[in-house]
Amino acid sequence: MQLPRIAPLDASLRPALQAAIDDKTKPPGSLGRLESLAMQIGLIRGETQPVLSRPAMIVFAGDHGVADAGVSAFPADVTAQMVLNFLGGGAAINVFTRLHGMTLEVVDAGVRAPLPAASALVNCRVANGTRNFVDEPAMTPAQAGAAIQVGMARVLHHAQAGTHVIGFGEMGIANTSAAACLMSRLTGLPLAECTGRGTGLDEAGVARKRAVLERALARHAGVTAPLDVLATFGGFEIAAMTGAFLAAAASRMVILVDGFIASAALLVAARIDPAVLQYCVFSHCSHERGHRALLDEFRAEPLLALDLRLGEGTGAALAWPLVASAAAFLREMATFSGAGVSAAAP
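Residues numbered from 1 in each chain as written. Predicted model: local features only at pLDDT ≥ 70, side-chain atom pairs only at ≥ 80, totals over all residues. Heavy atoms only, no water.

> What should I look at first to understand the overall build of the protein chain in this one?
Summing up its helical and strand segments, the protein chain has 13 helices and six strands in all. The C-alpha atoms of the protein chain give a radius of gyration of 20 Å, which matches the 20 Å a tight globule of 346 residues would have. Dimensions of the protein chain, computed from C-alpha atoms along their principal axes, come out at roughly 70 × 40 × 40 Å. The burial tally for the protein chain puts 54% of its 346 residues in the buried class. Restricting to contacts in the protein chain with at least 6 residues of sequence separation, those with at least 24 account for 75%. (Helix = DSSP H or I, 4+ residues; strand = E, 2+ residues; numbered from the N terminus. Rg over C-alpha atoms; globule rule 2.2 N^0.38 Å. Buried < 20%, exposed > 50% of the residue type's maximum accessible area, 1.4 Å probe, protein only. Contact = heavy atoms within 4.5 Å.)

> Would you mind going over the nonpolar core with me for this structure?
Among soluble globular proteins, nonpolar side chains are generally buried collectively. If you look at the biggest cluster of nonpolar residues, it comprises 116 residues, and the most contacted ones within it are Phe168 and Phe245. With 11 residues, helix α9 (residues 236–250) is the single largest residue contributor to this core. (Core = buried A, V, L, I, M, F, W, Y, C linked by side-chain atoms within 4.5 Å.)

> Can you help me understand the side chain of Arg45 in this one?
For Arg45, the position within the fold is in helix α2 (residues 33–45). Of the polar contacts made by the side chain of Arg45, one reaches the backbone oxygen of Arg252; its length is 2.7 Å. Discounting chain neighbours no more than four positions away, the residues touching Arg45 are Pro50, Val51, Leu52, His164, Ser251 and Arg252. (Polar contact = N/O pair within 3.5 Å; in protein donor to acceptor, adjacent residues only side chain to side chain.)

> Looking at this structure, I do not really get the packing of helix α8 (residues 226–233) against helix α10 (residues 260–272). What am I missing?
Pairs of packed helices are described in terms of their axes, by the angle between the two and the distance that separates them. One can describe the packing of α8 onto α10 by two numbers: an axis separation of 9 Å at closest approach and a directional angle of 155°. In terms of axis orientation, α8 runs roughly antiparallel to α10. Listed contacts from α10 to Pro226, Leu227 and Leu230 of α8 are Val268, Arg271 and Ile272. Considered class by class, the residues forming the contact of α8 with α10 number five nonpolar, no polar and one charged. (Axes fitted to C-alpha atoms, helices over the stretch in contact; angles between N-to-C directions. Parallel < 35°, antiparallel > 145°, perpendicular 65-115°, else oblique. Nonpolar A, V, L, I, M, F, W, Y, C, P; charged D, E, K, R; others polar.)

> Help me out: how do you make sense of the pairing of strand β1 (residues 56–62) in this one?
Consecutive side chains along a regular strand alternate between the two faces of the sheet. Among the seven residues that make up β1, seven are buried, leaving the element largely enclosed by the rest of the structure. Neither face of β1 is left uncovered, since the one carrying Ala56, Ile58, Phe60 and Gly62 and the one carrying Met57, Val59 and Ala61 both have all their residues buried. Pairing between β1 and strand β2 (residues 103–110): seven bridges, direction parallel. Bridge pairing in β2 links Ile58 to Glu105. (Pairing = 2+ DSSP bridges.)

> Is there a simple way to think about the sheet that holds strand β3 (residues 121–123) in this case?
Strand pairing in a sheet is mediated by backbone hydrogen bonds. Such pairs are either parallel or antiparallel. Reading across from one edge, β3-β2-β1-β4-β5-β6 is the order of the six strands in this open sheet, with parallel pairing throughout. A single partner strand is all that each edge strand has here, and the edge strands are β3 and β6 (280–282). Averaged over neighbouring strand pairs, the angle between their axes works out to 25° when direction is ignored. Pairing of β2 with β3 involves three bridges; the strand directions are parallel. For Asp108, the partnering residue across the bridge sits in β3 and is Asn123.

> What exactly am I supposed to notice about the pattern of salt bridges here?
A side chain with one charge can pair with a side chain of the opposite charge if their charged atoms come near. The tally for this structure, following the rule as stated, stands at nine salt bridges. A salt bridge links Asp68 to Arg112, with the shortest nitrogen-to-oxygen separation between them at 3.4 Å. Of this pair, Asp68 sits in the loop between β1 and α3 (77–88) while Arg112 is found in the loop between β2 and β3, placing the two residues 44 residues apart along the sequence. Residue Asp68 is classed as exposed on the basis of its relative accessible area, which comes to 56%. (Salt bridge = Lys/Arg side-chain N within 4 Å of Asp/Glu carboxyl O.)

> Sorry if this is basic, but what is going on with the environment of Arg208 here?
Here Arg208 is to be found in helix α7 (residues 203–219). In this structure, the C-alpha to C-alpha distance between Arg208 and Gly70, residues 138 residues apart in sequence, is 8.1 Å. There is a polar contact of 3.4 Å between the side chain of Arg208 and the backbone oxygen of Gly70.

> What's the story with the packing of aromatic side chains in this structure? I'm lost.
Describing an aromatic ring pair means giving the distance of the ring centres and the angle of the ring planes. Using the criterion set out here, one finds four aromatic pairs in the structure. Pairing Phe168 with Phe245 gives two aromatic rings, centres 5.1 Å apart and planes at 85°, and the pair type is edge-to-face. One end of the pair, Phe168, is in strand β4 (residues 165–171); the other, Phe245, is in helix α9, with 77 residues separating them in the sequence. By relative accessible area, which is 0% here, Phe168 ends up buried. Chaining the aromatic ring pairs together yields one cluster made of Phe60, Phe168 and Phe245. (Phe/Tyr/Trp six-rings, centres within 6.5 Å; stacked < 30°, edge-to-face > 60°.)

> Looking at this model, I keep getting lost on the environment of Leu156. Mind explaining?
Relative to the helices and strands, Leu156 resides in helix α5 (residues 141–160). Through-space distance from the C-alpha of Leu156 to that of Ala250 is 9.8 Å; in sequence the pair is 94 residues apart.

Structure, rendered in structure tokens:
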């Protein structure tokens, strides 16, 4: 499998960008985090007046065999039902992307139940859900590779359409279990620090979930390489997001990182190529246990903290107006010299 090569950001533009930011009609540093965000956007796009055209959100969907082990408060059937809700325009991600002018695409990477053909649905199904990783690897290496290619191909489609900024969401019952196992194995953190309530488990449910996942980790104790860990514990939607992160960074896109599941996919991508993190804007810190620790792993400071735990890319969509604002002030705000405003005394 050929993975894209990601160019590290070129720091030579940093002085020109800093000068452009400091020359705006404001006290130095007065726009706070928007200023560092503008710097990152400028470096990613290689411009002092960056334009972020055609913002897009891709929601990848896939089912997990581990759902059959009772690790979720909802049955696996909900994955397909929620995809239908996306297609009908009724989910939170539909509302937020409509409101903020983002292109929304839904990708079936491996939902268990058949889905009807629809203009809003891209059928890239690798298989009808993964296997239960408590008993065997969730995917074969070939399946994991195919799902990675799905994510890469969808990003390239949007790049060719003119997208400069992109976010990734997901839908897959039990995918917090997959993400917790990925996180624990790739970071070395205890599973208890990576496992949360998911879609709303009570304390007994969390304890049951943790016991199931401990057995799975023990069964696959020898699996440590990032792509092998992904194939063993991941899902088709998580593998697709992994490929999507790599392709988006290689395409010099600004990447809006959503919550726990998306961050677990990013963890795999970053183990493959750490340069991917330079292209990432971390939208929020979710309410799901483990996400804060993942953000610490990335040394990331999220833009928002709203106690979100929905997934779907909702946090990334909510952060988009802030990213757009950072690019806009860098591009459109008047300079001291141009506006005839006196700068601060030396």
